[in-house]
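Listed below, chain by chain, are the residues.
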Amino acid sequence: MDQFVYRDGELYCENVPVARIADAVGTPTYVYSAATFRGHYRAVTEGFRDLRPIICYSIKSCQNLHILKLLAGLGAGMDVVSGGELYRALKAGADPARIVYAGVGKSDAEINQAIDAGIGWFNIESEAELANLVEIARQRRQVVRAALRVNPDVDPKTHRHTSTGKRESKFGVDLERARRVFDEFGRSEHVRLCGIHLHIGSPVFTVEPYVEAVTKALDLIAELRAAGFTIDTLDLGGGFGASYHDGQSPMPGDYAARIVPLLRGRNLQVIIEPGRSISANAGILLARTVFVKRGGDKQFIIIDAAMTDLIRPALYDAFHFAWPAAPGTRFVPPGRRTDLDMPGCTAADIVGPVCETADFLARDRKLPPVQRGDLMALFTAGAYGFVMASHYNSRPNAAEILVDGDSFRIIRRRETYDDLLAAENQPE
Ligand code: LLP
């Protein structure tokens, strides 16, 4: 699953005790495992190998330039949703022809930037966007390639804030309208509308919604081909799960086992956009306990990381396994479990210093005795962790560290107070 393991009562990332990282660079700090990134990327490529897909890593999940370089070096394409993400992908050395660009509100500047870069596909989310792309490409006398994002109206059974493939979602167009979009734009000289794009939600912890969505997309493709349109690309999107607790998610190969047979021999270039399945288990958030206090019957462990560093618990009630990084041999957790309750553990909430009741990282957990100064690890934080950080309460963003084997390096330095003011420093 990943390379964060307890040895002799102490948490290691690969061969480095995370306490050593905290001593060297302070806390809060995101710690990533290069071997885990490589392993997860390989698991996706191997699972889907028969389809020879283009794997476009969804950089919104974890966007650090050094991690993008690592993945681009393995041959990954990139899934981007903004001019900023495109800029990062190009800086990381990704092959522009293997970049897909989604997003419901691409600005003219962003569209021009993407055409300049020569990206592979625009993933189109509405008729209005497509009309605008046709117009921009016509003015530039260029031909660009696009896939229409379709809502297959399947229920991915995930949090309502991260479900995207229902009929009433703001993304894509519904199946019935898709045919009309092709009738209107499918013969444009400037936008070669040659693909269908799906992304049903994230995380999707079962395979069935994909099977249902792909089946519907194949029916649509057959209908479009019969009507004379050339459809050569099917982008399945991302959303494969990660294990926030042990065994929670199928592995990439398990998704592939059901999806690949549906797509073999269909004459389609398949694209997939995994984010979380590659990055989530590849990172932890490491924090130090500032104080322990009681409030009513509750025990609060106040750490130096906050919702500004990891907002998923506040935003989605998301579960991140939390445990001291050096609990001693008596308290090595037997697994990452929601219901873990070892002898000698007591209930506590783990909270941050921000002035919001929603500033919690973990609730009602049974934890070993924790004292001021103890390191805490929040697991499966590599995806939608650092990338969703804010500066609320004027908190500088955490450092990011990449471990590779026996060594580690800073891939994003801790922000300073001057960084917080940098964009406000205007001449009087
Ligand atoms: N492709 C598209 C078009 C997407 O919108 C997304 C994620 C992905 C691929 C990658 O999904 P993944 O494989 O990472 O699940 N902040 C939320 C997740 C939002 C996902 C947004 N779109 C969270 O923390 O759970």
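Provided above is the structure to which this section pertains.
A short tour of the structure in this document, coming up. (Residues numbered from 1 in each chain as written. Predicted model: local features only at pLDDT ≥ 70, side-chain atom pairs only at ≥ 80, totals over all residues. Heavy atoms only, no water.)

### A few points about the pairing of strand 17 (residues 346–351)
Sheet topology places strand 15 (residues 298–303) next to strand 17; three bridges connect them, and they run parallel. Following the sheet pairing, Phe-300 is matched in strand 17 by Asp-349. As judged from the five bridges shared by strand 17 and strand 18 (residues 360–367), these two strands associate in the antiparallel manner. By the bridge assignment for strand 18, Ala-348 is matched with Arg-365. (Pairing = 2+ DSSP bridges. Helix = DSSP H or I, 4+ residues; strand = E, 2+ residues; numbered from the N terminus.)

### Topic: the site of the ligand
Inspection of the region around the ligand gives 18 residues, with Ser-202, Glu-273, Arg-276, Arg-312 and Tyr-384 positioned closest. One nitrogen or oxygen atom from the side chain of Arg-312 is found 2.6 Å from an oxygen atom belonging to the ligand. The contact in question runs from a nitrogen atom of the ligand to an N or O atom on the side chain of Tyr-316, over 2.8 Å. Contact with the protein chains removes 91% of the 590 Å² of surface that the ligand exposes when unbound. Looking at the shell around the ligand, its residues break down into four nonpolar, eight polar and six charged. Taken domain by domain, the makeup of the shell around the ligand includes at least three residues from each of domain 1 (4–32 + 280–424) and domain 2 (35–277). (Near = heavy atom within 4 Å. Polar contact = N/O pair within 3.5 Å; in protein donor to acceptor, adjacent residues only side chain to side chain. Areas by Shrake-Rupley, 256 points an atom, 1.4 Å probe, with all protein chains shown as cover. Nonpolar A, V, L, I, M, F, W, Y, C, P; charged D, E, K, R; others polar. Domains from an automatic or database assignment.)

### A few points about the side chain of Thr-308
Here Thr-308 lies in the loop between strand 15 and helix 11 (312–316). When its relative accessible area of 1% is taken as the criterion, Thr-308 is described as buried. In contact with Thr-308, not counting residues within four places along its chain, are Val-354, Ala-389, Ser-390, Tyr-392 and Arg-395. (Buried < 20%, exposed > 50% of the residue type's maximum accessible area, 1.4 Å probe, protein only. Contact = heavy atoms within 4.5 Å.)

### Details of the packing of helix 6 (residues 127–139) against helix 7 (residues 175–185)
Contact geometry for helix 6 and helix 7: axes closest at 11 Å, N-to-C directions at 20°. In this view, helix 6 runs roughly parallel relative to helix 7, as classed from their interaxial angle. Viewed along their axes, helix 6 and helix 7 form a crossing whose handedness is right-handed. In this structure, helix 6 uses Glu-127, Leu-130, Ala-131 and Val-134 to contact helix 7, whose residues at the interface are Arg-177, Val-181 and Phe-185. Taken together, the residues that form the contact of helix 6 with helix 7 break down as five nonpolar, no polar and two charged. (Axes fitted to C-alpha atoms, helices over the stretch in contact; angles between N-to-C directions. Parallel < 35°, antiparallel > 145°, perpendicular 65-115°, else oblique. Left-handed = near helix turned anticlockwise from the far one by under 90°.)

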